[in-house]
Amino acid sequence: MSILIGGTIAIDHISTPSAEAENLLGGSAAYAALAATYYTSPVHLVGVVGHDFPEHHLAMLEGHGVTLTGVERSEGASFTWTGEYHENMNERTTHRVGLNVLESWDVKVPGAIADARIVVPANMSPDNQIQMLDQCAAEHAFVVADTMDLWIEIANERLHEVLQRIDLLVINESEARELAGDSNLIVAGEKLLAKGPRYVVIKLGEFGAILFGPDDAIFRFHAWPLREIVDPTGAGDTFLGAMAGYLASLGGSSFSFDQIRDAVVQGSVVASFTCQDFSTRRLETVTESQIQERLDGLRAISHWE
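Residues numbered from 1 in each chain as written. Predicted model: local features only at pLDDT ≥ 70, side-chain atom pairs only at ≥ 80, totals over all residues. Heavy atoms only, no water.

Peer 1: Could you clarify how one ought to interpret the overall build of the chain in this entry?
Peer 2: In terms of regular secondary structure, the chain is built from 10 helices and 13 strands. If you line up the chain on its principal axes, its C-alpha atoms span 60 × 45 × 35 Å. Here the chain holds 305 residues, and 56% of them are scored as buried. Once local pairs closer than 6 in sequence are excluded, the contacts in the chain between residues at least 24 apart make up 64%. Per element, the accessible surface of the chain, about 13,200 Å² overall, is 47% carbon and sulfur. (Helix = DSSP H or I, 4+ residues; strand = E, 2+ residues; numbered from the N terminus. Buried < 20%, exposed > 50% of the residue type's maximum accessible area, 1.4 Å probe, protein only. Contact = heavy atoms within 4.5 Å. Areas by Shrake-Rupley, 256 points an atom, 1.4 Å probe, with all protein chains shown as cover.)

Peer 1: Explain the sheet that holds strand β1 (residues 3–6) here, please?
Peer 2: In sheet architecture, strand pairing relies on hydrogen bonds along the backbone and comes in two forms, parallel and antiparallel. Reading across from one edge, β5-β4-β1-β8-β9-β10-β11-β12-β13 is the order of the 9 strands in this open sheet, with mixed pairing throughout. Looking along the sheet, the strands with just one partner apiece sit at the ends: β5 (66–73) and β13 (218–221). The mean inter-strand angle of the sheet, taken between neighbouring strand axes irrespective of direction, is 15°. Against the sheet, helix α6 (residues 173–180) engages β10 (168–172) and β11 (199–203), with an angle of about 110° to β10. (Pairing = 2+ DSSP bridges. Axes fitted to C-alpha atoms, helices over the stretch in contact; angles between N-to-C directions.)

Peer 1: Hey, could you run me through the side chain of Thr8 in this one?
Peer 2: Structurally, Thr8 is set in the loop between β1 and β2 (10–15). On the accessibility criterion, Thr8 (12% relative accessible area) is buried. Side-chain polar atoms of Thr8 contact the backbone nitrogen of Ser28, separated by 2.9 Å. Not counting chain neighbours up to four residues away, the residues in contact with Thr8 comprise Gly26, Gly27, Ser28, Ala29, Ala30, Phe79, Leu102 and Asn123. (Polar contact = N/O pair within 3.5 Å; in protein donor to acceptor, adjacent residues only side chain to side chain.)

Peer 1: Would you mind going over the pattern of salt bridges with me for this structure?
Peer 2: Side-chain pairs of opposite charge can arise whenever the charged atoms involved come near each other. Under the defined criterion, the tally for this structure stands at 11 salt bridges. Between Arg73 and Glu55 there is a salt bridge; the shortest N-O distance is 3.2 Å. Of the two residues, Arg73 sits in strand β5 while Glu55 sits in helix α2 (residues 55–63), which places them 18 residues apart along the sequence. One salt bridge connects Glu161 with Arg158, and the closest N-O pair in it is separated by 2.9 Å. Of this pair, Glu161 and Arg158 both sit in helix α5 (residues 156–163), 3 residues apart, which is roughly one turn of that helix. (Salt bridge = Lys/Arg side-chain N within 4 Å of Asp/Glu carboxyl O.)

Peer 1: Explain the UniProt feature "domain: Carbohydrate kinase PfkB" (unreviewed entry) in the chain here, please?
Peer 2: UniProt's entry tags residues 20–281 with the feature "domain: Carbohydrate kinase PfkB" (unreviewed entry), counted in the numbering of this structure. Annotation note: span residues 20–281, helix share 35%, strand share 24%, distance between end C-alpha atoms 14 Å. (UniProt positions renumbered as here; feature names shortened; annotations may be inferred.)

Peer 1: Whenever I open this one, the environment of His56 confuses me. Can you help?
Peer 2: Take His56: it is sitting in helix α2. Only 3.5 Å separates the side chain of His56 from the side chain of His57, close enough to count as a polar contact.

Peer 1: Would you mind showing me how to read helix α10 (residues 288–302) here?
Peer 2: Side chains that are three or four residues apart share a direction in an α-helix, a result of its 3.6 residues per turn. For α10, spanning 15 residues, the distance from its first C-alpha to its last is 21 Å, which sits close to the expected 21 Å at 1.5 Å a residue. Looking at the packing, one finds that the buried side of α10 touches β13 and α9 (257–274). (Expected span 1.5 Å × (residues − 1).)

Peer 1: What should I look at first to understand the environment of Ala242 in this one?
Peer 2: Mapped onto the fold, Ala242 is located in helix α8 (residues 235–250). Counting along the chain gives 110 residues from Ala242 to Met132, while the straight-line C-alpha distance between them is 20 Å.

Peer 1: Sorry if this is basic, but what is going on with the nonpolar core here?
Peer 2: Among soluble globular proteins, nonpolar side chains are generally buried collectively. The biggest cluster of nonpolar side chains holds 60 residues, and the ones touching the most others in it are Ile3, Ile5, Leu45, Phe142, Val201, Val264 and Ile291. In terms of residue count, the dominant contributor to this core is α9 (9 residues). Ignoring anything within four residues of it in the chain, the contact list for Val264 reads Val201, Ala209, Leu211, Phe219, Phe221, Phe239 and Met243. By size, the runner-up hydrophobic cluster in this structure holds 42 residues, among which are Met124, Val143, Val200 and Leu204. (Core = buried A, V, L, I, M, F, W, Y, C linked by side-chain atoms within 4.5 Å.)

Peer 1: Explain the packing of aromatic side chains to me, please; I cannot follow it from the model alone.
Peer 2: What describes a pair of aromatic rings is the distance from one ring centre to the other and the angle between the planes of the rings. All chains considered together, the criterion is met by 3 aromatic pairs. Considering the side-chain rings of Phe142 and Phe255, the 4.9 Å spacing of their centres and the 85° angle between planes classify their relative orientation as edge-to-face. Within this pair, whereas Phe142 is found in strand β9 (residues 142–146), its partner Phe255 is found in the loop between α8 and α9, the two being separated by 113 residues in sequence. Taking the relative accessible area as the measure of exposure, Phe142 reaches 3% and is therefore buried. (Phe/Tyr/Trp six-rings, centres within 6.5 Å; stacked < 30°, edge-to-face > 60°.)

Peer 1: Please clarify how the sheet that holds β2 should be interpreted in this entry.
Peer 2: Pairing is mixed across the open sheet formed by 4 strands, whose spatial order is β3-β2-β6-β7. With one partner strand each, in any of the chains shown, β3 (20–26) and β7 (92–98) form the two edges of the open sheet. Strand-to-strand twist of the sheet, defined as the mean angle between neighbouring strand axes without regard to direction, takes the value 20°.

Peer 1: It is not clear to me how the packing of α9 against α10 should be interpreted in this structure. Could you clarify?
Peer 2: For any two helices packed against each other, one specifies the crossing angle of their axes together with the interaxial distance. Where α9 meets α10, the closest approach of the two axes is 10 Å, and the angle between their N-to-C directions is 120°. Crossing geometry of α9 relative to α10 is assigned as right-handed. Residues Val265, Gln266, Val269, Val270, Ser272 and Phe273 of α9 touch α10, and the partners they reach there are Gln290, Ile291, Arg294, Leu295 and Leu298. Looking at the contact of α9 with α10, its residues break down into 7 nonpolar, 3 polar and 1 charged. (Left-handed = near helix turned anticlockwise from the far one by under 90°. Nonpolar A, V, L, I, M, F, W, Y, C, P; charged D, E, K, R; others polar.)

Written as structure tokens, this is what we have:
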């Protein structure tokens, strides 16, 4: 089943305590689209890039089954992010953000891909998310969305409009507390459900995720234990894309709590690969057998009689 993923496509410059790399593929939609290709095809990408965007990044995505008909080419400069991770890889400093082409971008969804049954407005402004949803033709599409602290702070009202139009919200723990106005994550998850989504997933980074659903349903899952983290950039977006791709592989556009639970597990496993190299480098080379091996490993270390 086809899936439509919209959001940022960026050029990243990243440094860590042990290494640094420039002109990397970044952006919420780029990571999510690549992750989704491990489960379904075609994966339609919607975004905007500038005249300076490296063509080999787009070629890589296309080679993995991502369609680029929804990627707009602009004469301006591409969106860029420059950041530094510290000894504790959960802490990072943003040194520079170049919005560039994003400053005046209006989402345009080509009619040929607007009928996707799984729609993912990944991390971008709520205005852009609403533009994307307004152009999607499938009446009963399943919508999975992400957000970030910036939009909670400066576009809260529009973000709440988005929450009324989605089926699954994926959000990290600090943002969940801020958006819900509660420091207790269980209460926060319940409050976020009350804002509109049928399901809510709170990402806990290296500690996994919590899924909330109807009738007080809850599922707590841990992440694959990594001994070394090279670059955690995009892990949350990978998680989002793998979840959505897995759901697309099931067919239909309505899913049970158990199916969303299984998607959380798949997303967590695929996201672990992203952390093992800069940008999408490791994610690009993952095999189905490697994904299955980690799924089996997590089942073994999570089970008791």
